[in-house]
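Below, each chain spelled out in residue letters.
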Amino acid sequence: GFKYGPPNDDYKPLNAANLPEPTIKKPTDYFNTVLYTSNATNGKTVTGVGFSPDLFWAARRNASGASSQIYDTVRGVGKGLDVAYANDTEVADGVTSFDSDGVTLGATWPNASNGDSWVAWSWKESASAGFDMFGYTGTGNNPQTRAHSLGVVPEMIIVKSLDSGETDQHWVVYHHNSNTTPEDYFGRLNTSDAFEDLEMWNDTAPTSSVFTTQNHAITNANGSTFIAYLWASVEGYSKVGSYRGNNSSDGPFIYTGFKPAWFMVKNIANGESWEVYDNARDPHNVITSRLQVDTNNGEVTSTFFDFLSNGIKIRNTSGGYNNNGGTFIYLAFAESPFKYANAK
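In this report, the structure presented in the accompanying data block is examined. (Residues numbered from 1 in each chain as written. Predicted model: local features only at pLDDT ≥ 70, side-chain atom pairs only at ≥ 80, totals over all residues. Heavy atoms only, no water.)

## Points about the overall build of the chain
Right, on to step 1. Scanning the chain for helices and strands turns up zero helices and 24 strands.
Right, on to step 2. Relative to the compact-globule value of 20 Å for 344 residues, the chain shows a C-alpha radius of gyration of 20 Å, a close match.
Right, on to step 3. Principal axes of the C-alpha set define a box for the chain whose edges measure 75 × 50 × 40 Å.
Right, on to step 4. Classification of the 344 residues of the chain by burial places 53% in the buried group.
Right, on to step 5. Long-range contacts, defined here as pairs at least 24 residues apart, represent 64% of the contacts in the chain between residues at least 6 apart.
Right, on to step 6. Averaging the locations of the 23 positively and 36 negatively charged side chains of the chain gives two centres separated by 8 Å. (Helix = DSSP H or I, 4+ residues; strand = E, 2+ residues; numbered from the N terminus. Rg over C-alpha atoms; globule rule 2.2 N^0.38 Å. Buried < 20%, exposed > 50% of the residue type's maximum accessible area, 1.4 Å probe, protein only. Contact = heavy atoms within 4.5 Å. Lys, Arg positive; Asp, Glu negative; His and termini not counted. Charge placed at Lys NZ, Arg CZ, Asp CG, Glu CD.)

What follows is the structure, encoded as structure tokens:
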């Protein structure tokens, strides 16, 4: 109770229950991580996703030697793309169907070996969840706009050429925190290279309806086909952001506004990989399992982070996520919004 009554009925006690309702109460309706064991047999099902995936990204954990692969419903089944390789064409087989609770796999990658451990990350396409994807054909025009359906300005864009005839097919990344003028810069998801100042986006910032490309083989070669993935932050569900490192085991706290389920981070400097962490491989703190998706390496373990009710606490030093003064960009998705987050 109060010693003195609140001034009017609009005042409420300071309590998480009185926070506004998040747009997405249950993040696993739109993003989820599952673990599975491969068996090298046609008809292997990966279930537990909770929805029919529109984007399915699988990585082998226990061994190196092969890249993670991405599949999506725009390009369809049997069309995997190796993330760590620029010039690979789509891989046949792989995902043979997108199902109501996951996917079915053929006998090839990512189900090529019996007994390997895998992690799979899945997204459902939805403007309300800040995720859009579509294919397009290059025009060679300079510039060329591409319409999207987010309804807000995209904060991260990934574009990949699908044309085997092109020699430069990098996974091209736009991130709104990569520089003070991010439209002037691009990164490569398949390498540890620094973000580069080049007119990939025609030095034009994306809008709530379009993003812009230059006449370049990576994003707009005449007659070539491309796939584009776009994300924007949704309060309580996803965050496209950045932070500065301090090179301390008492590292920065990164406020996201939710308890994280998935975290991909990149030092914008040269030589640092795109690193991914999630709550399926590490359901309790400390987060100790890392995959570098621009390599074909298996999983490594150390003390990395704590996933907290409203963000991430760094617990180690590394050029990949916490060198002193470094700028780090990230993409994160929620286990639960802060209003409903519980400690583990």
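## A few points about the pairing of strand β11 (residues 156-161)
Taken residue by residue, a regular strand's side chains alternate between the two faces of the sheet.
Right, on to step 1. With six of six residues buried, β11 lies mostly within the body of the structure.
Right, on to step 2. What you see with β11 is no split at all: M156, I158 and K160 on one side and I157, V159 and S161 on the other are buried throughout.
Right, on to step 3. Pairing geometry for β11 and strand β12 (residues 172-175), over four bridges, is antiparallel. When the sheet's bridge partners are listed, I158 is paired in β12 with V173.
Right, on to step 4. Sheet analysis places β11 next to strand β16 (residues 225-231), joined by six bridges and oriented antiparallel. Paired with I157 across the bridge in β16 is L230. (Pairing = 2+ DSSP bridges.)

## Considering the side chain of D54
Right, on to step 1. Inspection of the secondary structure puts D54 in the loop between β2 (44-47) and β3 (55-60).
Right, on to step 2. Salt bridges are absent for the buried D54, whose nearest opposite-charge side chain, K124, sits at 6.8 Å.
Right, on to step 3. Setting aside anything within four residues of it in sequence, one finds D54 in contact with Y71, D72, T73, W123, K124, E125 and M133. (Salt bridge = Lys/Arg side-chain N within 4 Å of Asp/Glu carboxyl O.)

## Let's talk about the sheet that holds β16
Right, on to step 1. An order of β9-β16-β11-β12-β13-β14 is seen for the six strands of this open sheet, with the pairing classed as antiparallel. Each of the sheet's edge strands pairs with one partner strand only, and the pair in question is β9 (131-137) and β14 (196-197).
Right, on to step 2. Where β9 meets β16, seven bridges bridge the pair, whose relative direction is antiparallel. Considered in β16, the bridge of Y136 is made with F226.

## Describing the packing of aromatic side chains
Right, on to step 1. The full count for this structure, using the stated rule, is 32 aromatic pairs.
Right, on to step 2. Relative to F333, the ring of W123 has its centre 5.7 Å away and its plane inclined at 75 degrees; by these criteria the two rings are edge-to-face. With a gap of 210 residues between them, W123 in strand β8 (residues 117-123) and F333 in strand β24 (residues 327-337) connect regions that are remote in the sequence. The same class applies to W123 and to F333, which are both buried.
Right, on to step 3. Their ring planes at 85 degrees and their centres at 4.6 Å tell us that Y277 and F305 sit as a pair that is edge-to-face. Placement of Y277 in strand β20 (residues 275-278) and of F305 in strand β22 (residues 300-308) is noted, with a sequence separation of 28 residues between them. Note on accessibility: Y277 and F305 belong to one class, buried.
Right, on to step 4. A connected cluster of aromatic rings, assembled from ring pairs, spans Y30, F31, W57, W121, W123, F131, Y229, W231, Y237, W262 and F333. (Phe/Tyr/Trp six-rings, centres within 6.5 Å; stacked < 30°, edge-to-face > 60°.)

## Section: the environment of R60
Right, on to step 1. By secondary structure assignment, the location of R60 is in strand β3.
Right, on to step 2. Here the alpha-carbon distance between R60 and S289, two residues 229 residues apart in the chain, equals 12 Å.
Right, on to step 3. When sequence neighbours within four positions are dropped, the list of residues in contact with R60 reads G65, A66, W109, S113, D116, S117, W118, L291 and G298.
Right, on to step 4. Only 2.7 Å separates the side chain of R60 from the backbone oxygen of S64, close enough to count as a polar contact.
Right, on to step 5. Within the local environment of R60, its side chain forms a polar contact with the side chain of D116, the two groups lying 3.1 Å apart. (Polar contact = N/O pair within 3.5 Å; in protein donor to acceptor, adjacent residues only side chain to side chain.)

## Section: the sheet that holds β22
Right, on to step 1. The eight strands are arranged β17-β24-β19-β20-β21-β22-β23-β18 in an open sheet whose pairing can be described as antiparallel. Two strands lie at the open edges of the sheet, namely β17 (238-244) and β18 (253-255), each paired on one side alone. Within this sheet the neighbouring strands show an average axis-to-axis angle of 35 degrees, counted without direction. (Axes fitted to C-alpha atoms, helices over the stretch in contact; angles between N-to-C directions.)

## Concerning the environment of F98
Right, on to step 1. Assignment of secondary structure puts F98 in strand β6 (residues 95-99).
Right, on to step 2. On a C-alpha basis, the gap between F98 and F56 in space is 9.0 Å, while along the polypeptide they are 42 residues apart.
Right, on to step 3. If near-sequence neighbours (up to four positions away) are discounted, F98 is found in contact with S52, P53, F56, Y71, D72, T73, G76, V77 and V103.

## Considerations on the environment of G106
Right, on to step 1. When you line up the elements, G106 lands in the loop between β7 (102-105) and β8.
Right, on to step 2. When the C-alpha positions of G106 and A92 are compared, they lie 9.5 Å apart, and in sequence the two are 14 residues distant.

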